[in-house]
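# Per-entry structural report
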Amino acid sequence: MAKAARAAAAWRTYREVTRPGSPKLMTRVRAIPRMVGAVLRGQYAGLGKGKLTLLGLGVVYLISPIDVVPDFLMLIGVADDFGVFLWLMGSLLGESGRYVQHERTVIEGRLEEAG
């Protein structure tokens, strides 16, 4: 059940990234550091600090040598890492896409004010 949910989330993220008019993959990836900085400075309310903390913990879990399920238990140990990876990528790409849209809206608003 959880595997199917992760696969469905990955598919939704893929469809969102490839939808016409949507920010493309590399645009989203490059926006992640700007998004994190904006959240920490309080300039972007679209992503709460709690969810940002969860995303950070996901990164730490993936790079940490300590695992909930050891990798030497081949299928189970790798599956939990892969599940965290899918959740993390889906969340980061989705959030960064919304952040890019937010940036575009802010820029358009400034242009309207100046024009």
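My aim in this report is to walk through the structure given alongside it, one point at a time. By convention here, each chain's residues receive numbers from 1 onward along its written sequence. The predicted origin of the model limits local features to residues at a pLDDT of at least 70 and limits the giving and counting of side-chain atom pairs to 80 or more, whereas totals for whole chains, interfaces and linings rest on all residues. Hydrogens and water are ignored here; the side-chain numbers use all heavy atoms of the structure.

### A short note on the overall build of the protein
Using the following cut-off: In DSSP terms, a helix is any run of H or I states spanning at least four residues, a strand is any run of E spanning at least two, and both are numbered starting from the N terminus. Residue burial is assigned from relative accessible area. The probe radius is 1.4 Å, only protein chains are included, and a residue is buried under 20% of its type maximum, exposed over 50%, and partly exposed in between. Only heavy atoms enter the contact rule, under which two residues are in contact if any of them lie within 4.5 Å. Surface accessibility follows the Shrake-Rupley procedure with a 1.4 Å probe radius. Residue values consider only the protein chains on display as shielding.
In terms of regular secondary structure, the protein is built from four helices and zero strands. Secondary structure elements of the protein occur, N-terminal to C-terminal, as α-α-α-α. Taken across its 115 residues, the protein has 31% of its residues classed as buried. Across the protein, the fraction of contacts at a sequence separation of at least 24, relative to all contacts at a separation of at least 6, is 58%. Entry remark: accessible area of the protein is about 7800 Å², with carbon and sulfur atoms responsible for 69%.

### Considering the layout of surface pockets
Keep this limit in mind: Cavities and pockets were defined on a 1 Å grid built over protein atoms only: a cavity is a set of grid points that admits a 1.4 Å probe from which the probe cannot escape, a pocket is an open set flanked by protein on both sides within 12 Å along at least five of seven lines, and lining residues are those with an atom within 4 Å of any such point. Grid points are joined across faces, edges and corners, and a volume is the space filled by probe spheres set on the points. Amino acid classes used here: Ala, Val, Leu, Ile, Met, Phe, Trp, Tyr, Cys and Pro are nonpolar; Asp, Glu, Lys and Arg are charged; the rest, including Gly, are polar.
Roughly 160 Å³ of volume is contained in the largest pocket. Looking at the largest pocket, the residues that line it are Arg34, Ala38, Arg41, Gln43, Tyr99, His102, Glu103, Val106, Ile107 and Arg110. Residue assignment for the lining of the largest pocket shows that the elements contributing at least two residues are helix H2 (25–41) and helix H4 (74–114). Per-element accounting of the lining of the largest pocket gives the leading share, six residues, to H4. Broken down by class, the residue content of the lining of the largest pocket amounts to four nonpolar, two polar and four charged.

### A few points about the packing of aromatic side chains
Two aromatic rings are characterised by how far apart their centres lie and by the angle between their planes. What counts, and what does not: Pairing of aromatic side chains requires ring centres within 6.5 Å, counting the rings of Phe and Tyr and the six-membered ring of Trp. Pairs whose planes differ by under 30 degrees are stacked, by over 60 edge-to-face, and all others tilted.
Applying the stated criterion across every chain yields a total of two aromatic pairs. An angle of 80° between the planes, with centres 4.9 Å apart, marks the rings of Tyr44 and Tyr99 as edge-to-face. Here Tyr44, found in the loop between H2 and helix H3 (49–63), pairs with Tyr99, found in helix H4; they are 55 residues apart in sequence, far enough to count as distant. In this structure, Tyr44 and Tyr99 share a single accessibility class: buried. Their ring planes at 25° and their centres at 6.4 Å tell us that Phe82 and Phe85 sit as a pair that is stacked. Note that Phe82 and Phe85 are positioned in helix H4 at a spacing of three residues, about one turn of the helix.

### A look at H3
Inclusion rule: Multiplying 1.5 Å by the residue count of a helix minus one yields the expected span of that helix.
For H3, spanning 15 residues, the distance from its first C-alpha to its last is 21 Å, which sits close to the expected 21 Å at 1.5 Å a residue. Among all positions of H3, only Leu52, Leu55, Gly58 and Tyr61 are buried.

### A word on a nonpolar patch on the surface
To be explicit about the condition: Like charges within 9 Å and nonpolar side chains (Val, Leu, Ile, Met, Phe, Trp, Tyr) within 5 Å are joined into patches, using only residues over 30% in relative accessible area that form no salt bridge. For this document, the term salt bridge refers to a Lys or Arg side-chain nitrogen within 4 Å of an Asp or Glu carboxyl oxygen.
There is a patch of nonpolar side chains on the surface, built from Val59, Leu62, Ile63, Phe82, Phe85 and Met89 and spanning about 520 Å² of accessible area. Elements with a contribution of two residues or more to the nonpolar patch: H3 and H4. Given the relative accessible area of 35%, Val59 is considered partly exposed.

Geometric descriptors of this kind do not, in isolation, establish any biological role.
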